[in-house]
Amino acid sequence: MYRRDEWSRAAAAEGSALDMEQRRGCCCPPAPAPQEPELQRALERALRVREGARRLLPACSRPEQALETTKTLVLCEARVVAAGGELQRRQEARLRGARRPSQGGPGAEPVPCRGTVCISDLRIPLMWKDTEYFRNKGELHRCAVFLLLQVGAEIHDTPTVLVDRTLTDICFEGAVLFPEAGPDFELRLELYSAGLPGPGAQGSAPRKLASRLSTSLGRSSGRRARAAMDGGPASPPGTAGTATGALLLPPPGVPCPRFQLLAHTTLSLAQVHDGFRTHDLVIAADEQSPCWVPLYGRVCCRLAARPSCMDTPAATGTLRLQAPGAEGPGGTPLFCVLRGPGLLCYGSASEAEAGQEPTLTIAVTKDTRVRALQAGGQGQPPGVAVTNRLGGEEVTHGLLAESTAEAQRWLQAWGQHLCDLAPSSNLLAPGALCPRPLSRCPAVPSPVEAVL
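The structure presented is a predicted model; accordingly, all values stated were derived computationally and were not measured.

**Here's the deal with the overall build of the chain**
Okay, so step 1: A tally of regular secondary structure across the chain gives 11 helices and 17 strands.
Okay, so step 2: The buried share of the chain, reckoned over its 452 residues, is 38%.
Okay, so step 3: Sequence separation of at least 24 residues holds for 66% of the intrachain contacts in the chain that already meet a minimum separation of 6.
Okay, so step 4: For the chain, the accessible area works out to roughly 25,700 Å², and carbon and sulfur atoms hold 53% of it.

**A look at the packing of aromatic side chains**
Okay, so step 1: Per the stated rule, a full pass over the model turns up two aromatic pairs.
Okay, so step 2: Positioned over the ring face of phenylalanine 146 is lysine 71, at 5.0 Å from the centre of the ring.

**Section: empty space enclosed by the protein**
Okay, so step 1: Under the defined criterion, the tally for this structure stands at three cavities of 30 Å³ or more.
Okay, so step 2: Estimated volume of the largest cavity: approximately 130 Å³.
Okay, so step 3: Lining the largest cavity are 16 residues, and of these Gly115, Gly182, Pro183, Leu269 and Pro307 lie nearest its centre.
Okay, so step 4: Only strand E1 (115-125) and strand E10 (298-307) provide two or more residues apiece to the lining of the largest cavity.
Okay, so step 5: Residue composition of the lining of the largest cavity, grouped by class: nine nonpolar, four polar and three charged.
Okay, so step 6: Approximately 40 Å³ is the volume attributed to the second largest cavity.

**Things to note about the nonpolar core**
Okay, so step 1: Counting 35 residues, the largest nonpolar core has Ile119, Leu122, Leu149, Ile170, Phe172, Leu187 and Val293 as the members making the most contacts within it.
Okay, so step 2: Excluding its chain neighbours within four sequence positions, the residues that come into contact with leucine 187 are Ile119, Leu149, Gln150, Val151, Phe178, Thr265, Thr266, Leu267 and Leu303.
Okay, so step 3: Of all hydrophobic cores here, the second largest spans 21 residues; its members include Leu319, Leu334, Cys336 and Ala413.

**So, the environment of glycine 84**
Okay, so step 1: The residue glycine 84 is located in helix H4 (residues 63-95) in this model.
Okay, so step 2: Note: C-alpha distance between glycine 84 and alanine 42 (42 residues apart in sequence) is 9.9 Å.

**Points about the packing of helix H3 (residues 37-56) against H4**
The description of two packed helices rests on the angle between their axes and on the distance between the axes.
Okay, so step 1: Between H3 and H4, whose axes approach to 9 Å, the crossing angle comes to 155 degrees. Considered as vectors, H3 and H4 are oriented roughly antiparallel to each other. As for how H3 packs across H4, the hand of that crossing is left-handed. Of the residues in H4, those in contact with Leu39, Gln40, Leu43, Ala46, Leu47, Val49, Arg50, Ala53, Arg54 and Leu56 of H3 are Thr69, Thr72, Leu73, Cys76, Glu77, Arg79, Val80, Ala83, Gly84, Glu86, Leu87 and Arg90.

**Regarding the sheet that holds strand E17 (residues 393-400)**
Okay, so step 1: What the seven strands build is an open sheet, ordered E14-E13-E12-E11-E17-E16-E15; its pairing is antiparallel. Every other strand in the sheet has two partners, leaving strand E14 (360-363) and strand E15 (369-373) as the edge strands with one partner each. Strand after strand, the sheet turns through a mean of 35 degrees between neighbouring axes, direction not considered.
Okay, so step 2: Direction of pairing for strand E13 (residues 342-346) relative to E14: antiparallel, over a ladder of four bridges. Residue pairing for E14: glycine 342 is matched across the bridge by alanine 363.
Okay, so step 3: Sheet contacts for helix H10 (residues 404-421): strand E11 (315-322), strand E12 (332-339), E13, E15 and strand E16 (383-390); angle to E11, the most-contacted strand, approximately 110 degrees.

**Concerning the confidence of the model for the chain**
Okay, so step 1: Residue-level pLDDT values for the chain average 76, and 66% of them are 70 or greater.
Okay, so step 2: The model gives residues 1-14 a pLDDT under 50, and that stretch makes 16 contacts with residues more than four places away or in other chains.
Okay, so step 3: Counting interchain partners and residues more than four positions distant, the pLDDT-below-50 stretch residues 436-452 has 23 contacts.

Conventions used here
- Residue indices begin from 1 for each chain and proceed along its sequence in written order.
- Under the rules for a predicted model, residues below a pLDDT of 70 receive no local features and side-chain atom pairs below 80 are neither given nor counted, while totals for whole chains, interfaces and linings still include all residues.
- For side-chain calculations, the full set of non-hydrogen atoms in the structure is used, while hydrogens and water are omitted.
- The helix count covers DSSP runs of H or I at least four residues long, the strand count covers runs of E at least two residues long, and both are numbered beginning at the N terminus.
- Relative accessibility under 20% of the residue-type maximum defines a buried residue, over 50% an exposed one, and the middle range a partly exposed one, all with a 1.4 Å probe and only protein chains included.
- Whether two residues touch is decided by their heavy atoms; if any such pair falls within 4.5 Å, the residues are in contact.
- Here, Shrake-Rupley sampling with a 1.4 Å probe gives the accessible areas, and only protein chains in the shown set may cover a residue.
- Side-chain rings of Phe, Tyr and Trp (the six-membered ring for Trp) are treated as a pair once their centres are within 6.5 Å; stacked means planes under 30 degrees apart, edge-to-face means over 60, and tilted covers the remaining angles.
- Geometrically, a charge over a ring is one whose NZ (Lys) or CZ (Arg) sits within 6 Å of the ring centre while staying within 35 degrees of the ring normal.
- Definitions used for this entry: grid spacing 1 Å over protein atoms alone; cavity, a set of points where a 1.4 Å probe fits but cannot get out; pocket, an open set with protein on both sides within 12 Å along at least 5 of 7 lines; lining residue, one with an atom within 4 Å of a point.
- Grid points are joined across faces, edges and corners, and a volume is the space filled by probe spheres set on the points.
- Each residue is assigned to one of three groups, with Ala, Val, Leu, Ile, Met, Phe, Trp, Tyr, Cys and Pro labelled nonpolar, Asp, Glu, Lys and Arg labelled charged, and all others, Gly among them, labelled polar.
- Here, nonpolar core refers to any group of buried Ala, Val, Leu, Ile, Met, Phe, Trp, Tyr and Cys residues whose side-chain atoms link them within 4.5 Å.
- To get an axis, fit a line to the C-alpha atoms, keeping to the stretch in contact for a helix; angles then go from 0 to 180 degrees between the N-to-C directions.
- Working definition: roughly parallel below 35 degrees, roughly antiparallel above 145 degrees, roughly perpendicular at 65 to 115 degrees, and oblique for all remaining angles.
- Left-handed describes a crossing in which the near helix is turned anticlockwise from the far one by less than a right angle; the clockwise case is right-handed.
- What makes two strands pair is DSSP finding at least two bridges between them.
- Per-residue confidence from the predictor is reported as pLDDT, which spans 0 to 100.

What follows is the structure, given as structure tokens:
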């Protein structure tokens, strides 16, 4: 365990990117949080990449490089702000004494589990004017757009898409996963746009400069100057087509694109659905902005969620199923697995490991009630009673444990499991859940990050 002074030196080492930002006053030092090494490393990495992108931007010689570098700067700024804010929130939560049940003991309030949030098939419709789209009139306006997606301190981005009047929708393929989202998550979508110059804006610059020189220098001198720039036959003898004979001019500078926030929206657990839905966008720019794209004001996507309790068992062990009205320690021994929307009861542990169909499944819904069964006077062991409403009637299953401690363990597991399922009780339909085999694809580094 680090002491406060030791961790401070390790978190902001002398000469590190974080130390330099703190000295310049650009980044407030977060509260000490020795329990958050991954978040601290993410903050350090974002600061280093941002500093490298700032140095790389003036050296870009192609518009594609400048565009990707500017996009990297936008992402790094967002990651620095998000990581610093998350560190501060976690430190405040620790000071308030917020603890999970596993750390707080039997009397602590249960906290719902975290899960995976998946957003996919993003589509933003556009609304061009008739003269622009159908008649193909007016100046060709091109923009580069991308989406920034954020849940807490985790930030992802989509590939950059070039938009002009030939497109009717901005489509972002693929899915984005947030594997550590809480039930109160807020998924913020931010659409950034940067205006791009026309296709012939840079290629016509040398010709315009040559025309101006020939006009200002006179007919004969201007003809020689233009021939020297082109390296043509009218250039002085011995210099045509050579690098030393041509008039050396500095290459035109690459225009630096500027991404601006075009629109944004925030999605939560209430927007999770088993199909595609349309959500409103908040427009943050006006039509006079160079990054303007005629948005329809909507975004279409599919938002899915999967609590971790759907895949991780809350408890496993052997219980005896008590017949209705029966008393005593008798009953069928079953190997039970409490996971997802049901208590799965198998004949043996080997059947559960082999993935066979359970002998009995007791549903777990938002109306499920669980209470303790006290030990009876005729040798009845303690257990758990699970009550569900089926067809307008209440059905109770009595599950007897081998000891009082085992019954208490199952009772606590049921309490935590019901708490985990409570926020997403309306999402237990299979279509609203992320598929089980979802795997997070490794992020492909951008050209800027590959250079740094």
